[in-house]
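Given next are the chains, with one letter for each unit.
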Amino acid sequence: MNLLVTGGAGFIGSNFVLYWLKKYPEDMLVNLDKLTYAGNPENLKSVENNPNYKFVKGDICDAKLVNKLMKDESIDVVVHFAAESHVDRSILDPSPFIKTNIVGTYTLLEAALKNKIKRFHHISTDEVFGSLSLDSKEKFNEKTPYNPRSPYAASKASADHLVRAYYQTYNLPVTISNCSNNFGPYHFPEKLIPLAITNILEGKKVPIYGDGLYVRDWLFVEDHCTAIDAIIHKGRTGETYLIGGMTEEISNIDIVRKILNIIGKDESQIEFVKDRPGHDRKYSVDWSKINKELGWHPKHDFDEALKLTVEWYVKNQEWWKKIKTGEYLNYYKRQYNR
Ligand code: NAD
Ligand code: DAU
C-alpha cells in the first residue's frame, strides 16, 4: 500500500510514521509537511534512510504539488494530520488556521478525487463538539451536534464538514476520526503536559489557566496510532469514529501535581495565570463505536503512560531545549507575558 501522510513531522504525525513503517515495512510512505514551527525533522531521524520512506517539504494548500504527489507516487491512502493545532495560537491569530485547516483540507480533497484515492482518512478532534459541564455524565459520541467554540475548533469543524460533503456529493471514500487530547513523546512543549514537564525540569513555574479545574480525556499517542490503523484497515467508508483514552476524570491541576510528584518537585512551581478566553470546561469521549465495530480499545493506563512520557522528556532534553528558543520564546512572552 502507498500512503501519503500530511503533517508527518508534527507530534502525532511523526509517532504515526514511526509506528506504520515499523508495523508495515512493505508499505511505501510519503510524508508531506510544510515544517512550520511545529514540524520537526528530528522526530524522523531514525527512518530518514528507509528506502520505503520519502519526505517532501511542502504546503497542503499547494494544489499542483499535492496532485503531483498523489499521481507520481501512486498513492492509495491519504492520512491527513497536517493542521495548525494549538488553541491558544488560534486565539492570538486565526488566519493560518483558516488557511491550512480549511483551504488545505479542501485542496487535498480535490486532489484525492481527481486521483481516485482509495481512502482519505481525516484526523479531527473532539473539540468540534464544544464543552461539557463538570457535573455532566454526558460523553461526546458520533451523533453529538457540532458546537466549536475556538477559531481552532471551528476550523477543524469546517474541515470535517467538507470531508463529509465530498463523501455525500462525490462518493470520495472517506473516514474521519475525532480524538481526545493526545500525550507522549515528541509533543511540542506549548501544550499542557510537555510544557509542564519541561518547565519543571528547567526549574520554571507551570502556568495553570483559571482555576485549573478543566478536564480533558487523555489518550496516549500510541493508542491513537493503533486506532487509526484499525480504521484504515477495517473502518467503513463514510463513517466517523470517536477515539478517547482511559482516564477517570482528571483536572489540569491534578495532572501537573502528578508530574511534579514523578519528577520529585513540590507545588511551589505551580502558578495560576489568566484564563484562556472561551475555555472549554470538559471533554469526555465515548469510544464504544470503534470498540464494538473494530475491536479497538486504548491499552495504556494514564499513570503508567504519563511516567513513560516524563522519562522520555528527561532522556531527550536536547530535543526540547532546541525548540524552546527563538520563535518559541517570542510566543511564550506574547502568551504568558513572562
Ligand atoms: P502538530 O501541531 O504537532 O503538527 C502539525 C504538523 O502539520 C506539523 O508538522 C506542521 O509542520 C504541519 N503543517 C502545518 N501546516 C501545514 C501545511 N499548510 N502544509 C503541510 N504541513 C503543515 O499537531 P498534532 O498535535 O500532531 O496534531 C495532528 C492532527 O491531529 C491535527 O489535525 C490536529 O487537529 C489533530 N488532533 C490533535 C490532538 C492532540 O491532542 N494533539 C487531538 C485531536 C486531534
Ligand atoms: O481535545 C483535543 C485537542 O487537544 C486537540 O484538538 C488540540 O490540537 C490539542 O492542542 C488539545 O487542545 P487543548 O486546548 O485541550 O490542549 P492544551 O494542551 O493546550 O490544553 C490542555 C488543558 O490545559 C486546557 O484545559 C488548557 C490548559 N492549559 C494549557 C496550557 C498550554 C493550562 O492550564 N495552561 C497552559 O499553559
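Predicted, not measured: the structure shown is a model, and the values here were computed from it. (Residues numbered from 1 in each chain as written. Chains lettered and ligands numbered in written order. Predicted model: local features only at pLDDT ≥ 70, side-chain atom pairs only at ≥ 80, totals over all residues. Heavy atoms only, no water.)

## Section: the sheet that holds strand 11 (residues 240–243)
Now for step 1: With respect to topology, 7 strands assemble into an open sheet ordered 3-2-1-4-5-6-11, the strand pairing being parallel. Of all strands in the sheet, those with a lone pairing partner are strand 3 (53–57) and strand 11, marking the two edges. Ignoring which end each strand starts from, the neighbouring axes of this sheet average 20° apart.
Now for step 2: Helix-sheet contacts for helix 1 (residues 11–23) involve strand 1 (2–6), strand 2 (28–33), strand 3 and strand 4 (77–80), and the interaxial angle to strand 1 is about 165°.
Now for step 3: Here helix 5 (residues 151–170) sits on the sheet and contacts strand 5 (119–125), strand 6 (174–179) and strand 11; the angle it forms with strand 5, its principal contact strand, is near 155°. (Pairing = 2+ DSSP bridges. Helix = DSSP H or I, 4+ residues; strand = E, 2+ residues; numbered from the N terminus. Axes fitted to C-alpha atoms, helices over the stretch in contact; angles between N-to-C directions. Contact = heavy atoms within 4.5 Å.)

## Observations concerning the site of ligand 2
Now for step 1: Lining the immediate environment of ligand 2, one finds 25 residues, of which T125, D126, Y152, R276 and Y336 sit closest.
Now for step 2: One nitrogen or oxygen atom from the side chain of Y152 is found 2.6 Å from an oxygen atom belonging to ligand 2.
Now for step 3: L192 places a polar main-chain atom, nitrogen or oxygen, 2.8 Å from an oxygen atom of ligand 2.
Now for step 4: When ligand 2 is considered free in solution it has 690 Å² of accessible area, and contact with the protein chains removes 95% of it.
Now for step 5: The element that contributes the greatest number of residues to the shell around ligand 2 is strand 8 (residues 206–209), accounting for 3 residues.
Now for step 6: Tallied by class, residues from the shell around ligand 2 come to 11 nonpolar, 7 polar and 7 charged. (Near = heavy atom within 4 Å. Polar contact = N/O pair within 3.5 Å; in protein donor to acceptor, adjacent residues only side chain to side chain. Areas by Shrake-Rupley, 256 points an atom, 1.4 Å probe, with all protein chains shown as cover. Nonpolar A, V, L, I, M, F, W, Y, C, P; charged D, E, K, R; others polar.)

## Here's the deal with unusual backbone geometry
Now for step 1: Of note, the phi angle at L35 is positive, near 55°, even though the residue is not glycine.
Now for step 2: Relative accessible area serves as the criterion here: at 25%, L35 is assigned to the partly exposed category. (Buried < 20%, exposed > 50% of the residue type's maximum accessible area, 1.4 Å probe, protein only.)

## Re the pattern of salt bridges
Working definition: two side chains of opposite charge can pair if their charged atoms are close together.
Now for step 1: The tally for this structure, following the rule as stated, stands at 24 salt bridges.
Now for step 2: Salt bridges here are not isolated pairs; linked through shared partners, they connect R89, E190, K191 and E327. (Salt bridge = Lys/Arg side-chain N within 4 Å of Asp/Glu carboxyl O.)

## Remarks on the packing of helix 6 (residues 192–201) against helix 10 (residues 302–315)
Now for step 1: As a packed pair, helix 6 and helix 10 sit with axes 10 Å apart at the nearest point and diverge in direction by 50°. In terms of their interaxial angle, helix 6 and helix 10 are classed as oblique. Crossing of helix 6 over helix 10 shows right-handed handedness. The segment helix 6 lies against helix 10, with I193, P194, I197, T198 and L201 engaging L306, T309, V310, Y313 and V314. (Parallel < 35°, antiparallel > 145°, perpendicular 65-115°, else oblique. Left-handed = near helix turned anticlockwise from the far one by under 90°.)

## Remarks on the environment of N52
Now for step 1: With respect to the helices, strands and loops of the structure, N52 is situated in the loop between strand 2 and strand 3.
Now for step 2: Taking the C-alpha atoms as reference, N52 lies 9.4 Å from N2; in sequence the two are 50 residues apart.
Now for step 3: Leaving out residues up to four positions away in the same chain, N52 has contacts with L21, P25, E26, D27, M28 and L29.
Now for step 4: In this structure the side chain of N52 is engaged in a polar contact, spanning 2.6 Å, whose partner is the backbone oxygen of P25.

## Comments concerning the site of ligand 1
Now for step 1: Inspection of the region around ligand 1 gives 28 residues, with I12, D33, S85, Y152 and K156 positioned closest.
Now for step 2: At 2.8 Å, a backbone N or O of I12 approaches an oxygen atom of ligand 1.
Now for step 3: Between an oxygen atom of ligand 1 and a side-chain N or O atom of Y152, the distance comes to 2.7 Å.
Now for step 4: Secondary structure elements with two or more residues in the shell around ligand 1: helix 1, strand 5 and helix 5.

## A word on the nonpolar core
Here is a general trend for soluble globular proteins: nonpolar side chains tend to be buried in one another's company.
Now for step 1: Judged by nonpolar contacts, the single largest core of 56 residues is most densely connected at F16, V79 and I259.
Now for step 2: With 7 residues, the single largest contributor to this core is helix 1.
Now for step 3: Look past the residues within four positions of F16 in its chain and what remains in contact with it is L3, V5, V79, F81, C225, I228 and I232.
Now for step 4: L32, L108, L109 and F120 belong to the second-largest nonpolar core, a separate cluster that totals 22 residues. (Core = buried A, V, L, I, M, F, W, Y, C linked by side-chain atoms within 4.5 Å.)

## Considering the environment of W218
Now for step 1: Tracing the sequence through the fold places W218 in the loop between strand 9 (215–216) and strand 10 (219–220).
Now for step 2: W218 gets classed as buried once you look at its relative accessible area, which sits at 5%.
Now for step 3: As for W218 and T169, which are separated by 49 residues in sequence, their C-alpha atoms are 35 Å apart.
Now for step 4: Once you skip the residues sitting within four places of it in the chain, W218 turns out to touch N181, N182, F183, L192, I193, G245, M246, T247, I250, I255 and F302.

## Structural notes on the side chain of S90
Now for step 1: By secondary structure assignment, the location of S90 is in helix 3 (residues 87–92).
Now for step 2: Those residues in contact with S90 that lie beyond four places of it in its chain are F97, S150, P151 and Y152.

## What about the packing of helix 1 against helix 7 (residues 221–234)?
Now for step 1: In contact at an axis separation of 9 Å, helix 1 and helix 7 are set at 60° when each is read in the N-to-C sense. With respect to helix 7, the element helix 1 is oriented oblique. In this structure, helix 1 crosses over helix 7, and the sense of that crossing is right-handed. On helix 7, the residues touching F11, I12, N15, F16, Y19, W20 and K23 of helix 1 are V221, H224, C225, T226, I228, D229, I232 and H233.

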